[in-house]
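One letter stands for each residue in the lines below.
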There are 2 protein chains.
Amino acid sequence: MIKTEAFSDDLQELAKFAKALSHPARLAILKYLAETKTCISGDITDFIPLSRTTVSQHLKELKEFGLIHGEIDGLKVNYCLCNNNILKHLDVFESFFKTIRATETCYK
Amino acid sequence: MIKTEAFSDDLQELAKFAKALSHPARLAILKYLAETKTCISGDITDFIPLSRTTVSQHLKELKEFGLIHGEIDGLKVNYCLCNNNILKHLDVFESFFKTIRATETCYK
DNA sequence: ATTATATGTCGTATGTTTGCGTCATAAAAC
DNA sequence: GTTTTATGACGCAAACATACGACATATAAT
């Protein structure tokens, strides 16, 4: 399976972005990082009802997709949003939906 | 597993929306429906490099999440975008990212 | 040096998604 | 009425995602 290669790069990138956002824990992490503007370490765990291991894994996924970035500071790791990258993805997202915004096809 | 209940309804809804968009085939379907403004039946299959069964399944998922809507017309089914619903989700999406848009935390 | 703390990695169990072939249904064409 | 056509539903296999406990590493505190 995994036939994603058959689609255009645009759609694949957008789909990956959506996938990164497709779990409430990851959204909660992004939200938390956005709110506590200072970069906060992985004791994000205290704010999320999941085990430390699981949170760590979600952080890893967000990091791999470039939405966040962690900087080692002694024992702790300070995480923060990669705003540039996020904004870039949001632009692609919004231009994708521009066509849809302009349409009026459904009567339901 | 499946600990999603532990998160706020907002985040869960947003995560579901993102999940609906997390496959290039589904994005391709939405795009196609947006472009061919008239509602087009399931021979969407011709525009997507997947089997008819698989496309039908993606259509079902989009339908279940309320992003599209299918109306039976004899043998065929005319699908179209549920713009209202999509716009509603886009609003939630954008208000979620408003905070992030306003932040400037990452130096990378 | 030893202990405590913060974090990441590994392996594993279970659940979900993707993709497809085959069958069922139901309208339309003949 | 039989055949063709457009769909959807069912069931299966492979791949992926989610969640976590146990172990590893590495800095800081004692």
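Owing to the predicted nature of the structure, the values given are computational and were not obtained by experimental measurement.

In this section: the pattern of salt bridges. For the coordinates displayed, the defined rule picks out eight salt bridges over all chains. Here arginine 101 of chain B and aspartate 91 of chain A are joined by a salt bridge, their closest N and O atoms 3.9 Å apart. Here arginine 101 of chain B is found in helix α4 (residues 83–101), whereas its partner aspartate 91 of chain A is found in helix α4 (residues 83–101) on a different chain. We classify arginine 101 of chain B as partly exposed; its relative accessible area is 36%. With a relative accessible area of 49%, aspartate 91 of chain A lands in the partly exposed category. Among the ionic pairs, glutamate 13 of chain B bridges to lysine 16 of chain B, the shortest N-O distance being 3.7 Å. Of this pair, glutamate 13 of chain B and lysine 16 of chain B both sit in helix α1 (residues 9–20), three residues apart, roughly one helical turn. Take glutamate 13 of chain B: its relative accessible area is 35%, and that puts it in the partly exposed class. Through salt bridges with shared partners, one network takes in Asp91 and Glu94 of chain A together with Arg101 of chain B.

All right, on to the packing of helix α2 (residues 24–35) of chain A against α4 of chain B then. Two elements in contact, α2 of chain A and α4 of chain B, have axes whose closest approach is 8 Å; the angle formed by their N-to-C orientations is 40°. Viewed along their axes, α2 of chain A and α4 of chain B adopt a mutual orientation that is oblique. Seen from above, α2 of chain A lies across α4 of chain B with left-handed handedness. Between α2 of chain A, through Leu27, Leu30, Lys31, Ala34 and Glu35 of chain A, and α4 of chain B, the contact on the second element is made entirely by Phe96, Thr99 and Ile100 of chain B. Partitioning the contact of α2 of chain A with α4 of chain B into residue classes produces five nonpolar, one polar and two charged.

It is worth spelling out the relation of the copies chain A and chain B at this point. Between the two copies of the chain lies a relationship made up of a rotation around an axis and a movement along it. Rotating chain A by 180° about the axis while translating it 0.0 Å along that axis superimposes it on chain B, leaving an RMSD of 0.0 Å. A rotation of that kind, with that shift, is consistent with a two-fold axis. Relative to the rotation axis, the C-alpha of alanine 18 of chain A is the closest in chain A, positioned 2.4 Å from it. In this assembly, 98% of the residues forming the interface of chain A have copies in chain B that are likewise at the interface, indicating an isologous arrangement.

One face of the sheet, then the other: side chains in a regular strand alternate in exactly this way. All names here are of chain B. As paired strands, strand β1 (residues 40–41) and strand β3 (residues 76–81) are joined by two bridges and run antiparallel to one another. Paired with serine 41 across the strands is asparagine 78, a residue of β3. Pairing geometry for strand β2 (residues 68–73) and β3, over six bridges, is antiparallel. By the bridge assignment, glutamate 71 is partnered in β3 with asparagine 78. From the end of β2 to the start of β3, which pair antiparallel, there are two residues, and glycine 74 there has a positive phi angle of about 65°.

Once that is clear, we can look at the sheet that holds β2 of chain B. All names here are of chain B. Taken together, three strands build an open sheet; the order of strands is β1-β3-β2 and the sheet is antiparallel. Two strands lie at the open edges of the sheet, namely β1 and β2, each paired on one side alone. Lying over the sheet, helix α2 (residues 24–35) contacts β1, β2 and β3, oriented at roughly 90° with respect to β3. Relative to β2, helix α3 (residues 52–64) is tilted by about 115°, and along the sheet it contacts β2 and β3.

Spanning 12 residues, α2 of chain B covers 16 Å between terminal C-alpha atoms, matching the ideal 16 Å at 1.5 Å per step. Among the residues making up α2 of chain B, those that are buried are Pro24, Ala25, Arg26, Leu27, Ala28, Ile29, Leu30, Tyr32, Leu33 and Ala34 of chain B.

Another point: the side chain of threonine 45 of chain B. Residue and element names in this part refer to chain B. Note that threonine 45 resides in the loop between β1 and α3. Owing to a relative accessible area of 17%, threonine 45 belongs among the buried residues under this scheme. Not counting residues up to four positions away in its chain, the partners in contact with threonine 45 are Leu50, Ser51, Arg52 and Val55.

Reading guide: rules and limits
Residues numbered from 1 in each chain as written. Chains lettered and ligands numbered in written order. Predicted model: local features only at pLDDT ≥ 70, side-chain atom pairs only at ≥ 80, totals over all residues. Heavy atoms only, no water. Salt bridge = Lys/Arg side-chain N within 4 Å of Asp/Glu carboxyl O. Helix = DSSP H or I, 4+ residues; strand = E, 2+ residues; numbered from the N terminus. Buried < 20%, exposed > 50% of the residue type's maximum accessible area, 1.4 Å probe, protein only. Axes fitted to C-alpha atoms, helices over the stretch in contact; angles between N-to-C directions. Parallel < 35°, antiparallel > 145°, perpendicular 65-115°, else oblique. Left-handed = near helix turned anticlockwise from the far one by under 90°. Contact = heavy atoms within 4.5 Å. Nonpolar A, V, L, I, M, F, W, Y, C, P; charged D, E, K, R; others polar. Least-squares fit on C-alpha atoms with pLDDT ≥ 70 in both. Pairing = 2+ DSSP bridges. Expected span 1.5 Å × (residues − 1).

From the geometry alone we can't say anything about function, so treat these as descriptive.
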